[in-house]
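The primary structure of each chain is shown beneath.
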2 protein chains.
Amino acid sequence: MTRPTMEDVAAHAGVSRALVSIVYRDVPGASDATRARVLAAGAELGYRPDHRARLLGRQRTRLIGVTFDVRGAFHGDLIESLYPEAESLGYDLTLSAVTAARPESQAIQSLLDYRCEALILLGPTSTPSSLAALAESQPTVVVARKVRAPGVHVVRTDDDAGARLAVEHLLSLGHTHIAHIDGGRAPGAAERRTAYRNTMRRAGLTPLIIPGGPTESTGTAAAHHIPADTTAVTAFNDGCAIGLLHALHQSGRQVPENLSLTGYDNTPAAALPHANLTTVAQDAHQLTKLAIIALTQDVPTTEQTVSPVLITRGSTMRR
Amino acid sequence: MTRPTMEDVAAHAGVSRALVSIVYRDVPGASDATRARVLAAGAELGYRPDHRARLLGRQRTRLIGVTFDVRGAFHGDLIESLYPEAESLGYDLTLSAVTAARPESQAIQSLLDYRCEALILLGPTSTPSSLAALAESQPTVVVARKVRAPGVHVVRTDDDAGARLAVEHLLSLGHTHIAHIDGGRAPGAAERRTAYRNTMRRAGLTPLIIPGGPTESTGTAAAHHIPADTTAVTAFNDGCAIGLLHALHQSGRQVPENLSLTGYDNTPAAALPHANLTTVAQDAHQLTKLAIIALTQDVPTTEQTVSPVLITRGSTMRR
DNA sequence: AGCGATGACTAGAGCGCTCTAGTAGGGACG
DNA sequence: CGTCCCTACTAGAGCGCTCTAGTCATCGCT
C-alpha cells in the first residue's frame, strides 16, 4: 500500500541501502552490473526517490525557488524556459505564485521555508531594501524589472535597444515623421523615450513625443494628438498601441496604409489577426539563461541586459 | 550563518525541542505563558520551521499538488482561488508547470516525488486510463475538462447551462433569428451545440448551426455563412467570436447595431475595449472550491458541474 | 490519606534519504 | 610474499522535524 523506500529496493536487490543511494544519485562507487541490478529492482517495485527526504538529507538542496505572477502572461514564457535551463545545471525548480490575495512576501517566504538555495523573482514589486535583505541569505536574481539593490542580480531586457529597434525599422521603411506615444512613469518608459529621441536625432529628424501610458485607454486618447503629417508611430507598449489602433479604426485612418504602428512586449493580443502588430519581443530564453547562470556560477552582482528582437507583422509598411 | 532550527529555539527558550514543536504546530500541550515565550524566542532568532523536515516527519503531508499549463490564461485564475481554498482546510499547495518542453507526465511525476497527498490537474491532456491509474494511488481531481476515468473526480463548468445562458440573453433582448457558430470537435462544443439547439426549439424558433471552430480564423470564415436576416450570433468561444467580429467590421456590418454577438470563456481578449464582448465566464472560485472538497472530504467519485455566469458587455443589444 | 485525572512537559524513535568513514577483496609491483 | 591501491560495497550518524509514550506535579474527591 505504502510507497516503496530505498530500503525495500535494497532488500529486493540484495544490497545495502547506501548502495541504492549511490546508484540513484548516479555517483561513482558501484559496478555497472550492480547498478543495472539495483535499477531493475527499483523499476520492478515502482520505486521513486522521496524528494522531501532527498532535500533534507543533502547539504545542498539544489533547489531554486521562483516567484511569478499568475496574471503576467510573459511569466509563463519565462517559466517555460527556466525549467530546462535549471535542469541542465542539475538544479530543481519550485514555483510559488503571486496572486491578488497572496502577496509577494508570502510567496517568497514559502520558498524560503523549503530552504531554496537561490531565488528567482519574476517582475517583483518588493522594495529594493527588502530585496537586498533577501539577497543576504541566498543568491537572488530579479528578472524583467529594473531595480538597484545591493547584492541583487538583475537580468532584464535592454529597453534602450528595443526602442531603437522599432524606430530604425520605421526609418528603414522610409518614414521620416515618426511620433512616439510615451509610457509616462511606467517601468521602462524613460529608457524607451530617450532611445526614441536619440535615434531620431541621430537620423537628423525631429522627435515628437505624445503623452500616453501603459493601458489601452491612453492609446485611444493619444490618437487625437497625432499630427496629420505623421506617417508612423512607436507606442510605449502593445496595450497602448492596440488602444490607438482602435481609435484610428473608428476615425477611418487605416493601419498600416495611412499610418505605420509598432508596439512593445509582443503580448498575445499583439499577435491576434485583427491587431497583427509589429512589436518588440523580450528574449525569454536568454533572460532565464542569464538568471540561472548568475545564481549558480556566482558571478559578481551586476545588472545584465538582454537584446530584444523585432517581430515584424502587418502594422508597418513602406512609406 | 546557518538558519536556526527547532533545537536552537528550544535552547533559547529553555524548553525541550518537543515543546517547541507543539507550539509551532499549534496543538494542545503547552501553557499559554510558555507558548508566548517559545514564540518570542523563535521570533528573536528569526526561526521558521523547515518545510521539508515537516513534510518528512508527518505521516500526512497535507500537500496538494497542482499541475497547470503556463499557456492557459484561465489557469491563473484557478490557481489564484486555489490557494486560499486549500489554506482554509489546512492544506499546502505545490505547483508544477506543464510547458511545451515539459509534458504533463513529468509535471505529475515531480509532484508525486514530493509525496503529495492529492492531485489537482488543471485541464489535463492525459488519457483516461493513465488518469485512472493515478487515482489509484491518491485522490485525483480533474478541473475544467470532461473525462470519464474510474476513480477520478471531475469538476467542470456546465457548458450546457452556459450556452443556454447566452441564447436566453439574446432571446430576452428580442432576437428571434439567432445563429450558432459551432466549435467542431473542440472540448465542450457538443454540449454547447446541443444546448443552443434545445433552447431555440423550446422558444419555438428555428436553430441555425454554422460550422466553425475554436480559433479566430474559423470565426472569420463563418462570417460569410451568416444569413442577412440573422440578428444575433452565439459563437463557440471568444476566439471564434473575435475572428467573426473582425470579419464583420471589414464588411461594414456593425456590432451590436446590426448584429449582436456572444463569445464564451471570458478570455482577456474579450474584455479589451475594441472587442467588448458579451461572454460566458467560468466560475473559477466555485470550481476550485469543489475540487478541494472532493479531495479532502473524500466524497464519492462523481462529475460535478459549476454554473457559468453571463458577462454582459457591449457586443449585444436589444433588437 | 489515597487515588485517579488532568495538564505541562520531555525522551527518544522514527520519516527516507545523504554522505563520511570505514571494511573486504582483488590485482600490480617490488 | 607483503605492501599499496584500487574498486565495490556497508555501517551508521545525521538532516530537522513529528509524534507516541512516557514522567512529574498538582488537584479534586471520596
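Each chain has its residues counted from 1, running along the sequence as written. Chains carry letters and ligands carry numbers; both start at the beginning, A for chains and 1 for ligands, and go up in the order they are written. Reporting of local features is limited, given that this is a predicted model, to residues whose pLDDT is at least 70; pairs of side-chain atoms are given and counted only at 80 or more, and all residues count toward the totals for whole chains, interfaces and linings. Working from all heavy atoms in the structure, the side-chain values ignore hydrogens and water.

A closer look at the sheet that holds strand β9 (residues 260-262) of chain A
All names here are of chain A.
At step 1: Pairing is parallel in the open sheet, where four strands are placed in the order β7-β6-β8-β9. Both edges of this open sheet fall to β7 (208-210) and β9, since each of them pairs with a single strand only. This sheet shows a mean twist of 20 degrees between the axes of neighbouring strands, independent of strand direction.
At step 2: Pairing between strands is defined by DSSP: at least two bridges between the two strands are required. Strands here mean DSSP runs of E at least two residues long; helices mean DSSP runs of H or I at least four residues long; both are numbered from the N terminus. Inspection of the sheet shows strand β6 (residues 178-181) paired to strand β8 (residues 232-235) by four bridges, in the parallel sense. To get an axis, fit a line to the C-alpha atoms, keeping to the stretch in contact for a helix; angles then go from 0 to 180 degrees between the N-to-C directions.

Some thoughts on the UniProt feature "domain: HTH lacI-type" (unreviewed entry) in chain A
At step 1: Within this numbering scheme, the UniProt entry marks residues 4-58 of chain A as carrying the feature "domain: HTH lacI-type" (unreviewed entry).
At step 2: Overall, residues 4-58 of chain A shows 69% helix and 0% strand. The separation of its end C-alpha atoms is 20 Å. UniProt positions are given in the numbering used here, feature names are shortened, and annotations may be inferred rather than shown by experiment.

Details of empty space enclosed by the protein
At step 1: Think of a 1 Å grid over the protein atoms and nothing else: a 1.4 Å probe that fits but is trapped marks a cavity, an open set flanked by protein within 12 Å on at least five of seven lines marks a pocket, and residues with an atom within 4 Å of a point count as lining. Grid points are joined across faces, edges and corners, and a volume is the space filled by probe spheres set on the points. Counted according to the given criterion, the structure contains two cavities of 30 Å³ or more.
At step 2: Estimates place the volume of the largest cavity at around 60 Å³.
At step 3: Every residue lining the largest cavity is listed: B:Ala163, B:Ala166, B:Val167, B:His180, B:Arg192, B:Thr234, B:Ala235, B:Phe236, B:Gly263 and B:Tyr264.
At step 4: Listed by contribution, the elements that provide at least two residues to the lining of the largest cavity are α8 (159-172) and β8 (232-235) of chain B.
At step 5: The element best represented in the lining of the largest cavity is α8(B), accounting for three residues.
At step 6: Gly is put with the polar residues, along with every residue not named as nonpolar or charged; the nonpolar set is Ala, Val, Leu, Ile, Met, Phe, Trp, Tyr, Cys and Pro, and the charged set is Asp, Glu, Lys and Arg. Here the lining of the largest cavity is built from residues that sort into six nonpolar, three polar and one charged.
At step 7: As for the second largest cavity, its lining consists of A:Ala163, A:Ala166, A:His180, A:Arg192, A:Tyr196, A:Thr234, A:Ala235, A:Phe236, A:Thr262, A:Gly263 and A:Tyr264.

Looking at the environment of B:Ala132
Residues and elements named next belong to chain B.
At step 1: Here Ala132 shows up in helix α7 (residues 128-137).
At step 2: Taking C-alpha positions, Ala132 is 9.9 Å from His153, a pair spaced 21 residues apart along the chain.
At step 3: Between two residues, a contact is recorded if the distance between any of their heavy atoms is within 4.5 Å. Apart from residues no more than four positions distant in its own chain, Ala132 is found in contact with Ala149, Pro150 and Val152.

Focus on the pattern of salt bridges
At step 1: A carboxyl oxygen of Asp or Glu within 4 Å of a side-chain nitrogen of Lys or Arg is what we treat as a salt bridge. Scanning all chains against the criterion turns up 22 salt bridges over all chains.
At step 2: With a shortest N-O distance of 3.1 Å, A:Arg156 and A:Glu303 are connected by a salt bridge. Taken together, the residues span a long stretch of sequence, with A:Arg156 in strand β5 (residues 152-157) and A:Glu303 in strand β11 (residues 303-306) at a distance of 147 residues.
At step 3: Classification of A:Arg156 by relative accessible area gives buried; the value is 10%.
At step 4: Linked through salt bridges whose partners overlap, the residues forming this network are A:Asp50, A:Arg52 and B:Arg115. Note on exposure labels: buried denotes an accessible area under 20% of the residue type's maximum, exposed denotes more than 50%, and partly exposed covers the range between, all computed with a 1.4 Å probe on protein chains only.

Things to note about the protein's contact with DNA strand C
At step 1: We define proximity as follows: a residue is near a molecule or strand when any one of its heavy atoms falls within 4 Å of that partner. With respect to spatial proximity, 24 residues lie near DNA strand C, and among them A:Met6, A:Ser21, A:Gln59, B:Ser16 and B:Thr34 are the closest.
At step 2: Each atom of DNA strand C within 4 Å of the protein belongs either to a base or to sugar and phosphate, the latter forming 66%.
At step 3: In protein, a polar contact means a hydrogen-donor-capable atom and an acceptor-capable atom, both N or O and within 3.5 Å, with residues adjacent in sequence counting only if both atoms are side-chain atoms; elsewhere, any N or O pair within 3.5 Å suffices. Within the side chain of A:Tyr47, one N or O atom sits 3.0 Å away from a phosphate oxygen of DNA strand C.
At step 4: For the surface near DNA strand C, the secondary-structure elements that each account for two or more residues are α2 (17-25) and α4 (51-57) of chain A together with α2 (17-25) and α4 (51-57) of chain B.
At step 5: The dominant element in the surface near DNA strand C, judged by the number of residues it contributes, is α2(A), at four residues.

Quick look at the domain arrangement of chain A
At step 1: Split into domains, chain A comes out as domain 1 (6-49), domain 2 (63-157 + 284-306) and domain 3 (159-281).
At step 2: Domain extents, as shown, originate in an automatic or database domain assignment. A C-alpha centroid distance of 61 Å is found between domain 1 of chain A and domain 3 of chain A.

Considering the side chain of A:His51
At step 1: In this structure, A:His51 sits in helix α4.
At step 2: In this structure A:His51 comes out as buried when scored by relative accessible area, which is 11%.
At step 3: With residues near it in sequence (within four places) discarded, A:His51 still touches A:Asp92, B:Asp113 and B:Tyr114.

Things to note about the packing of aromatic side chains
Two aromatic rings, taken as a pair, are described by how far apart their centres are and by the angle between their planes.
At step 1: Think of it this way: a Phe, Tyr or Trp ring, Trp meaning its six-membered ring, pairs with another when their centres are within 6.5 Å, and the plane angle makes it stacked under 30 degrees, edge-to-face over 60, tilted otherwise. The tally for this structure, following the rule as stated, stands at four aromatic pairs over all chains.
At step 2: Considering the side-chain rings of A:Phe68 and B:Phe68, the 6.0 Å spacing of their centres and the 0 degrees angle between planes classify their relative orientation as stacked. You can see A:Phe68 sitting in strand β1 (residues 63-69) and its partner B:Phe68 sitting in strand β1 (residues 63-69), one on each of two chains. Each member of the pair A:Phe68 and B:Phe68 is classed as buried.
At step 3: Centre to centre, the rings of A:Tyr114 and B:Tyr114 are 6.4 Å apart; their planes meet at 75 degrees, and the pair counts as edge-to-face. Taken together, the residues A:Tyr114 in the loop between α6 (104-113) and β3 (118-122) and B:Tyr114 in the loop between α6 (104-113) and β3 (118-122) connect one chain to another.

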